Amino acid sequence: MKTIRVETENATILLTELPEPKVRDRQTGEIAKDAVSGEALMKVGVVYIDEGESSLLHVTVPESGVSEGLTLGAPVSLPGLFARPWESVFNGQQRHGIAFRAAAVAPGAVPAGVGA
């Protein structure tokens, strides 16, 4: 499926969940790996605020893209953020959603003009 680039320049992104390994199989505890590089994947929780609207997102990042110094509630940057629609059948039920992925998660700043 097609990926959609997510604009982050004017958005405020705040960290709501510290990075933790992304689990591929909950029964075995297997950690998800990047299909191309084989690198372990992490997930972070953020609130994405843009034009007066906010959304809670879980974003997947490669383990090497997780920066030191991340603090809950602090602004972060998500370079290379994109969204990919997905759908599957699980236990006979059709499911669908949007998966978010970024190249990294790093301490960030609130964009100029926000709250002014």
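What counts and how
Residues numbered from 1 in each chain as written. Predicted model: local features only at pLDDT ≥ 70, side-chain atom pairs only at ≥ 80, totals over all residues. Heavy atoms only, no water. Pairing = 2+ DSSP bridges. Helix = DSSP H or I, 4+ residues; strand = E, 2+ residues; numbered from the N terminus. Buried < 20%, exposed > 50% of the residue type's maximum accessible area, 1.4 Å probe, protein only. Polar contact = N/O pair within 3.5 Å; in protein donor to acceptor, adjacent residues only side chain to side chain. Contact = heavy atoms within 4.5 Å.

The name given to the protein in an unreviewed UniProt entry is Replication activator protein Pra, with Streptomyces marispadix as the source organism.

## Brief notes about the pairing of strand β9 (residues 93-101)
Where strand β6 (residues 53-62) and β9 come together, 2 bridges link them in parallel fashion. The residue of β9 that forms the bridge with T60 is R101. Bridge analysis of strand β8 (residues 82-90) against β9 gives 9 bridges, and the strand direction is antiparallel. Within β9, the residue paired with S88 across the bridge is R95. Counted along the chain from β8 to the antiparallel partner β9, the turn is 2 residues long, and its residue N91 has a positive phi close to 50°.

## Regarding unusual backbone geometry
Phi is positive for E51, close to 50°, though the residue is something other than glycine. Examined against the element boundaries, E51 turns out to sit in the loop between β5 (41-50) and β6. Accessibility expressed as a relative area gives 76% for E51, which makes it exposed. Non-glycine residue N91 carries a positive phi angle of around 50°. Note on placement: N91 falls in the loop between β8 and β9. Looking at N91, the relative accessible area reads 69%, which means it is exposed.

## Thoughts on the side chain of D34
With respect to the helices and strands, the residue D34 is situated in the loop between β4 (30-31) and β5. Under the relative-accessibility criterion, D34 is labelled buried at 16%. At 2.5 Å, the side chain of D34 and the side chain of R101 are in polar contact. Once residues lying within four places of it in the same chain are set aside, the contact partners of D34 are E39, L41 and R101.

## Examining the sheet that holds β5
To summarise the sheet geometry, strands pair through backbone hydrogen bonds and adopt either a parallel or an antiparallel arrangement. Spatially, 6 strands are ordered β1-β8-β9-β6-β5-β2 in an open sheet, and the strand pairing comes out mixed. One side of each edge strand has no neighbouring strand; the edge strands of this open sheet are β1 (4-5) and β2 (12-21). Where β1 meets β8, 2 bridges bridge the pair, whose relative direction is antiparallel. Paired with R5 across the bridge in β8 is F82.

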